[in-house]
Amino acid sequence: MITLGIETTAHTFGVGIIKGREILANVKDTYTTESGGIIPVQAAEHHKKVKEEILNKALKEASISIKDVDLISFSQGPGLGPCLRVGSRFAAKLSFENNIPLVGVNHCIAHLEVGSLVSDVKDPILMYVSGANTQIIAYESGKFRIFGETLDMGVGNFLDSFARFLGIGFPGGPKISKLAEKGKKFVKLPYVVKGMDISVSGILTNLKQKVEKIKSGKADYTINDLCYSVQEDVFSMILEVTERAVFHCGKKEVLMGGGVSCNKRLQEMTRIMGEEDGLNVFIPPNNLLSDNGVMIAWLGYKMFNALKDKGEDINKLIIKSSKEVESIEIKPYERTDEVKVYWRN
Ligand code: AMP
Ligand code: MG
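Student: Looking at this model, I keep getting lost on helix 2 (residues 81-98). Mind explaining?
Tutor: Along an α-helix, a turn takes 3.6 residues, which lines up residues three or four apart on a common side. Under the 1.5 Å per step criterion, the end-to-end length of helix 2 is 26 Å for 18 residues, consistent within 8% with the ideal 26 Å. Of all the positions in helix 2, only Gly81, Cys83, Leu84, Val86, Gly87, Ser88, Phe90, Ala91, Ala92, Leu94, Ser95 and Asn98 are classed as buried. Note on helix 2: the residue one or two positions beyond its end, Asn99, has a positive phi of about 65°.

Student: Help me understand the packing of helix 5 (residues 155-166) against helix 8 (residues 223-249), please; the structure alone is not making it clear to me.
Tutor: When two helices pack together, their arrangement is given by the angle between their axes and by how far apart the axes lie. Between helix 5 and helix 8, whose axes approach to 12 Å, the crossing angle comes to 170°. Relative to helix 8, the element helix 5 lies roughly antiparallel. Crossing of helix 5 over helix 8 shows right-handed handedness. Residues Val155, Phe158, Phe162 and Leu166 of helix 5 form the contact with helix 8, whose participating residues are Ile223, Leu226, Cys227, Val230, Val234 and Ile238. Looking at the contact of helix 5 with helix 8, its residues break down into 10 nonpolar, no polar and no charged.

Student: What is the right way to read the sheet that holds strand 11 (residues 253-257) from this model?
Tutor: Strand pairing within a sheet occurs via backbone hydrogen bonds; the two strands may be parallel or antiparallel. Taking strand neighbours across the sheet as the criterion, the 5 strands line up as 8-7-6-11-12 in an open arrangement whose pairing is mixed. On the outer flanks of this sheet lie strand 8 (143-149) and strand 12 (280-282), each paired with one strand and no other. Sheet twist, expressed as the average angle between the axes of neighbouring strands with direction ignored, equals 25°. Where strand 6 (residues 125-129) meets strand 7 (residues 134-140), 5 bridges bridge the pair, whose relative direction is antiparallel. Bridging across to strand 7, Met127 finds its partner in Ile136. Set on the sheet, helix 8 makes contact with strand 6, strand 7, strand 8 and strand 11; between it and strand 6 the angle comes to about 160°. Against the sheet, helix 9 (residues 264-277) makes contact with strand 6, strand 11 and strand 12, and its axis sits at roughly 175° relative to strand 11, the strand it touches most.

The rules behind each value
Residues numbered from 1 in each chain as written. Chains lettered and ligands numbered in written order. Predicted model: local features only at pLDDT ≥ 70, side-chain atom pairs only at ≥ 80, totals over all residues. Heavy atoms only, no water. Helix = DSSP H or I, 4+ residues; strand = E, 2+ residues; numbered from the N terminus. Expected span 1.5 Å × (residues − 1). Buried < 20%, exposed > 50% of the residue type's maximum accessible area, 1.4 Å probe, protein only. Axes fitted to C-alpha atoms, helices over the stretch in contact; angles between N-to-C directions. Parallel < 35°, antiparallel > 145°, perpendicular 65-115°, else oblique. Left-handed = near helix turned anticlockwise from the far one by under 90°. Contact = heavy atoms within 4.5 Å. Nonpolar A, V, L, I, M, F, W, Y, C, P; charged D, E, K, R; others polar. Pairing = 2+ DSSP bridges.

Read these as geometric descriptors, not functional statements.
Below is the structure:
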């Protein structure tokens, strides 16, 4: 069975193709800016521009034609409305034109479920650290629940904002990571954990003040030291709430997800926590950590099979008219725990 997944919640337009659990293609193109953050309408324009090309590249990489596809899945939410609309209509149109069943999936849960495609992780705490989102998620009592999250910015957006202030470009996370390697001195920064949540906006303000101090020649630390310190500080905050969630839920596994999880130091710190606490830490490859179509395909595949097992009429999932294509539902504000989880026992 071949599943094609389409990801468009934010900056990335991605198409993933899987055959059973074998990955045949994972192609994406990401909207970037020279300065400033993501502008939803522009990101949606980007997706419109590249969608056919990315689809064709993915089909070519998988050595199949669209006629070979048995199921299409798309990220239905949460995310930026204009971006979700491009992906959902594109997916619905493919379903309509080629008579293929279609399912919409939750993006955050897809980050968690993709772990089981590439490893034998079963029931983890997901440490989901991306641009817009930072959440600690786990399956408990029949639903995926958010045990902790950022109260303001996602950690990726926070790192990108700091990088923008430093004038080192976007995406900032990898650049800060490089400078951090040259940092020698730990500079104390605010450490903001409130219950199970974290907050980073105050740290950003504090960092900006410290950069001004460096510029005026009054600081006994460097930009590299600040990059090193911000990683130690904020990553520790994330790990503190993750660790507490692990013990609260009695889980034995931690899975990493989201673009910031590509960070080598965050991976190292998470592994150390795993060793100290006797937990299995799972880190998917980078191209499955950041937004991608494969995770959307995999969750769609799981949902579809569960529907079939329940005896649902699969033909109902095929889009029947161009009117239906236009009115396909998106869920920009869908919360992880609103999703009915019928594909897990
Ligand atoms: P996502 O939204 O999951 O695709 O992740 C994008 C975010 O990941 C951006 O904010 C990047 O700055 C951040 N990012 C990517 N690579 C790294 C890295 N090596 N270290 C820290 N942040 C990173
Ligand atoms: Mg994501």
